[in-house]
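# Architecture at a glance
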Amino acid sequence: MELTENLKWRYATKKFDPGRKVAPEDLEKIKEAIRLSASSYGLQLYKVLIIEDRELREKLKSVSWGQHQITDASHLIVFCNYTRPGQEHVEEYINLKAGIQEIPVENLKSYSDFMVQKLSEKSLKEQEEWTARQTYLALGNLLAACAELRIDTCPMEGFQPDRYNEILGLSDRGLNTSVLATIGYRSAEDTSQYEKKVRKPGNKLFEEL
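For clarity, every value in this text was computed on a predicted model and none was experimentally measured.

What counts, and where the lines are drawn
- Residues numbered from 1 in each chain as written.
- Predicted model: local features only at pLDDT ≥ 70, side-chain atom pairs only at ≥ 80, totals over all residues.
- Heavy atoms only, no water.
- Helix = DSSP H or I, 4+ residues; strand = E, 2+ residues; numbered from the N terminus.
- Buried < 20%, exposed > 50% of the residue type's maximum accessible area, 1.4 Å probe, protein only.
- Pairing = 2+ DSSP bridges.
- Axes fitted to C-alpha atoms, helices over the stretch in contact; angles between N-to-C directions.
- Contact = heavy atoms within 4.5 Å.
- Patch = residues over 30% accessible without salt bridge, like charges linked within 9 Å, V, L, I, M, F, W, Y side chains within 5 Å.
- Areas by Shrake-Rupley, 256 points an atom, 1.4 Å probe, with all protein chains shown as cover.
- Salt bridge = Lys/Arg side-chain N within 4 Å of Asp/Glu carboxyl O.
- Phe/Tyr/Trp six-rings, centres within 6.5 Å; stacked < 30°, edge-to-face > 60°.
- Lys NZ or Arg CZ within 6 Å of the ring centre and 35° of its normal.

## Comments concerning unusual backbone geometry
Negative phi is the rule for most residues except glycine; trans is the rule for most peptide bonds. For Y41, which is not glycine, the phi torsion reads 60° and is therefore positive. Examined against the element boundaries, Y41 turns out to sit in the loop between α2 (24-35) and β1 (46-51). Even without a glycine there, the phi angle at W65 is positive, about 60°. Within the secondary structure, W65 is located in the loop between α3 (54-61) and α4 (69-72). Classification of W65 as exposed rests on a relative accessible area of 67%.

## Points about the sheet that holds strand β3 (residues 152-156)
Pairing between the strands of a sheet is mediated by backbone hydrogen bonds and can be parallel or antiparallel. Read across the sheet, four strands follow the order β1-β2-β4-β3 without closing on themselves; strand pairing throughout is antiparallel. Both outer strands of the open sheet, β1 and β3, are each paired with one neighbouring strand and no more. Mean inter-strand twist for the sheet, computed between neighbouring axes without regard to direction, equals 20°. Across eight bridges, the pairing between strand β2 (residues 75-82) and strand β4 (residues 175-184) is antiparallel. Along β4, the bridge assignment pairs I77 with A181. Strands β1, β2 and β4 of the sheet are contacted by α2, whose axis makes an angle of about 165° with β1.

## Quick word on a nonpolar patch on the surface
A grouping of M1, L3 and L7 is seen on the molecular surface, where their side chains present a nonpolar patch of about 300 Å² in accessible area. Tracing the backbone shows L7 in helix α1 (residues 2-9). A relative accessible area of 34% means that L7 is categorised as partly exposed.

## A short note on the packing of aromatic side chains
The geometry of an aromatic ring pair is captured by two quantities: the separation of the ring centres and the angle between the planes. Per the counting criterion, the structure on display carries three aromatic pairs. For the pair Y41 and F114, a centre-to-centre distance of 6.0 Å together with 90° between the ring planes defines the contact as edge-to-face. With a gap of 73 residues between them, Y41 in the loop between α2 and β1 and F114 in helix α6 (residues 109-120) connect regions that are remote in the sequence. Of the residues examined, Y41 reaches a relative accessible area of 29% and is grouped as partly exposed. What makes F114 partly exposed here is its relative accessible area of 38%. Three or more aromatic residues joined by ring pairs make a cluster, and in this case those are Y41, F114 and W130. The ring of Y185 carries the charged tip of R20 above its face, separated from the ring centre by 4.0 Å. In this arrangement the basic side chain of K122 is found over the ring face of W130, its NZ or CZ atom lying 5.1 Å from the centre.

Quick look at the structure:
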């Protein structure tokens with residue numbers, strides 16, 4: 001599997017080369033990998049912001065522990081989960097499914113009702129935590145796709161979500177910043193790339209029952 005070799009190559013890049021940019025055609029491949037991510041019920045209850053603007057990223061850096069990846073990477077990817085998933089999200093998905101699979105919408109009513117019922121059973125906190133977890137599935141696809149393209153990445157949780165929401169105007173849209181990723185190309189000065197990857201051995205990580 002080439003994928004495993006590419007995953008061995010990748011690491012959480014600490015220092016990016018600010019002079020190198022991800023090509024538009026490669027960015028489209030990464031976006032498609034994210035779009036094809038698995039999600040609960042297929043609802044994809046999140047948005048993905050792709051930020052290149054330098055001035056905006058400088059503002060976000062100040063609420064990201066001053067981490068240079070935010071501004072030095074080619075692009076900043078912000079995964080935002082919907083905080084109040086509801087009937088409108090289900091209806092949007094059902095209409096999309098009906099159109100793509102050529103199924104009458106009325107034939108999907110029982111499935112639609114089931115999803116709405118399951119969402120209503122969750123508390124507001126549970127809904128927000130559940131949708132936030134969905135973004136990590138998409139993040140995983142981004143990391144794997146970038147590794148295949150030999151594009152460097154750094155998944156990041158070191159930031160202030162409330163300040164991101166404020167700067168990006170997310171709260172009014174029912175969105176919350178869940179997790180970040182920076183993508184680009186490693187700097188030759190990033191010593192982390194020369195370190196051996198540390199992972200548990202298989203016999204410590206896996207159990208077969």
